[in-house]
Amino acid sequence: MQPDAAASVPASAPASAPQYDERLTVPRSWWLLAALVGVSGGLIMLPLGTLPMLGGVIIAGALAAMGVSSYGSARIRVVAGSLVAGDARIPVSALGEPEVLDAEEARAWRTHKADARAFMLMRGYIPAAVRVEVTDPADPTPYVYLSSRAPEALAAALTSVRAQA
């Protein structure tokens, strides 16, 4: 599965064009699980008749699909001098050097090395990540942890935007 990442933008691109853009989509198997939840909803309603069974399939399937779609809609973008991760928007000038984490190191930063004050946009099904120190002294957040399928591209985009600033 290829990430939806744009690592670089030509010099003639407008300043608002994203330097990096990735959507943290869920694995395909999760959609199968959502379909099975729909079937389960139908089986629960089966004793009540055919029409309630169809309603159970539709309602349970739709709710499961909405949950899967919502969880997989998180985006990471580097645009207009800012890192946009989920709902957070952080100026790149308030960030330090990005650190690319392999699967083992990313797991360590998700578990025993984690700081409760950190901003973490993590997805367990994405093994690699990027960790960036927050250098703004007024911000109590020590670092930003971002799961990424293309951590090198994300780190390069952050470094590039920091160098331009």
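The preceding data block contains the structure.
Residues numbered from 1 in each chain as written. Predicted model: local features only at pLDDT ≥ 70, side-chain atom pairs only at ≥ 80, totals over all residues. Heavy atoms only, no water.

### So, helix 4 (residues 151-164)
So, point 1. Its 14 residues give helix 4 an end-to-end C-alpha distance of 20 Å, which sits within 8% of 20 Å, the value for a rise of 1.5 Å per residue.
So, point 2. Every buried residue of helix 4 is accounted for by Pro151, Ala153, Leu154, Ala155, Ala157, Leu158 and Val161.
So, point 3. On the buried face of helix 4, the contacting elements are strand 1 (20-23), strand 2 (75-79), strand 3 (82-85), strand 5 (95-101), strand 7 (129-134) and strand 8 (143-147). (Helix = DSSP H or I, 4+ residues; strand = E, 2+ residues; numbered from the N terminus. Expected span 1.5 Å × (residues − 1). Buried < 20%, exposed > 50% of the residue type's maximum accessible area, 1.4 Å probe, protein only. Contact = heavy atoms within 4.5 Å.)

### A closer look at the sheet that holds strand 5
Backbone-to-backbone hydrogen bonds join strands into a sheet, with any given pair of strands oriented parallel or antiparallel.
So, point 1. Across the sheet, four strands lie side by side as 5-7-8-6; this open sheet has mixed pairing. At either margin of the open sheet sits one strand with a lone partner, and together these are strand 5 and strand 6 (119-121). Each strand axis lies, on average, 15 degrees off the axis of its neighbour in the sheet, ignoring direction.
So, point 2. One ladder, built from five bridges, connects strand 7 with strand 8; its direction is antiparallel. Across the sheet, the residue bridging to Arg131 is Tyr145, located in strand 8.
So, point 3. Packing of helix 4 onto the sheet brings it into contact with strand 5, strand 7 and strand 8, and relative to strand 5 it is tilted by some 165 degrees. (Pairing = 2+ DSSP bridges. Axes fitted to C-alpha atoms, helices over the stretch in contact; angles between N-to-C directions.)

### Let's talk about the pattern of salt bridges
So, point 1. Counted under the stated rule, the structure contains six salt bridges.
So, point 2. Across the pair Glu105 and Lys113 runs a salt bridge whose closest N-O atoms are separated by 2.7 Å.
So, point 3. Note on Glu105: relative accessible area 26%, which makes it partly exposed.
So, point 4. The exposure class assigned to Lys113 is partly exposed, which follows from its relative accessible area of 36%.
So, point 5. A salt bridge links Glu133 to Arg131; the nearest nitrogen and oxygen atoms lie 2.4 Å apart.
So, point 6. According to the relative accessible area criterion, Arg131 is buried, its value standing at 9%. (Salt bridge = Lys/Arg side-chain N within 4 Å of Asp/Glu carboxyl O.)

### Some thoughts on the packing of helix 1 (residues 28-45) against helix 2 (residues 50-71)
So, point 1. The geometry of helix 1 relative to helix 2 is characterised by a closest axis approach of 7 Å and an angle of 155 degrees between their N-to-C directions. When the interaxial angle is binned, helix 1 and helix 2 end up roughly antiparallel. Of the two possible hands of crossing, helix 1 and helix 2 adopt the one that is right-handed. Between helix 1, through Trp30, Trp31, Ala34, Val37, Gly38, Gly41, Gly42 and Met45, and helix 2, the contact on the second element is made entirely by Pro52, Met53, Gly56, Val57, Ala60, Gly61, Ala64, Ala65, Val68, Ser69 and Tyr71. (Parallel < 35°, antiparallel > 145°, perpendicular 65-115°, else oblique. Left-handed = near helix turned anticlockwise from the far one by under 90°.)

### Points about the packing of aromatic side chains
So, point 1. The final tally for this structure, using the stated rule, is four aromatic pairs.
So, point 2. Arranged with centres 5.7 Å apart and planes meeting at 20 degrees, the rings of Trp30 and Tyr71 form a pair that is stacked. Of this pair, Trp30 sits in helix 1 while Tyr71 is found in helix 2, placing the two residues 41 residues apart along the sequence.
So, point 3. Geometrically, the ring pair formed by Trp30 and Tyr125 is edge-to-face, given 5.2 Å between the ring centres and 70 degrees between the ring planes. One end of the pair, Trp30, is in helix 1; the other, Tyr125, is in the loop between strand 6 and strand 7, with 95 residues separating them in the sequence.
So, point 4. Following the ring pairs from residue to residue traces out a cluster consisting of Trp30, Tyr71 and Tyr125. (Phe/Tyr/Trp six-rings, centres within 6.5 Å; stacked < 30°, edge-to-face > 60°.)

### Side note on unusual backbone geometry
So, point 1. Positive phi, normally seen in glycine, also occurs at Ala80, with a value near 50 degrees.
So, point 2. Of note, Ala80 is situated in the loop between strand 2 and strand 3.

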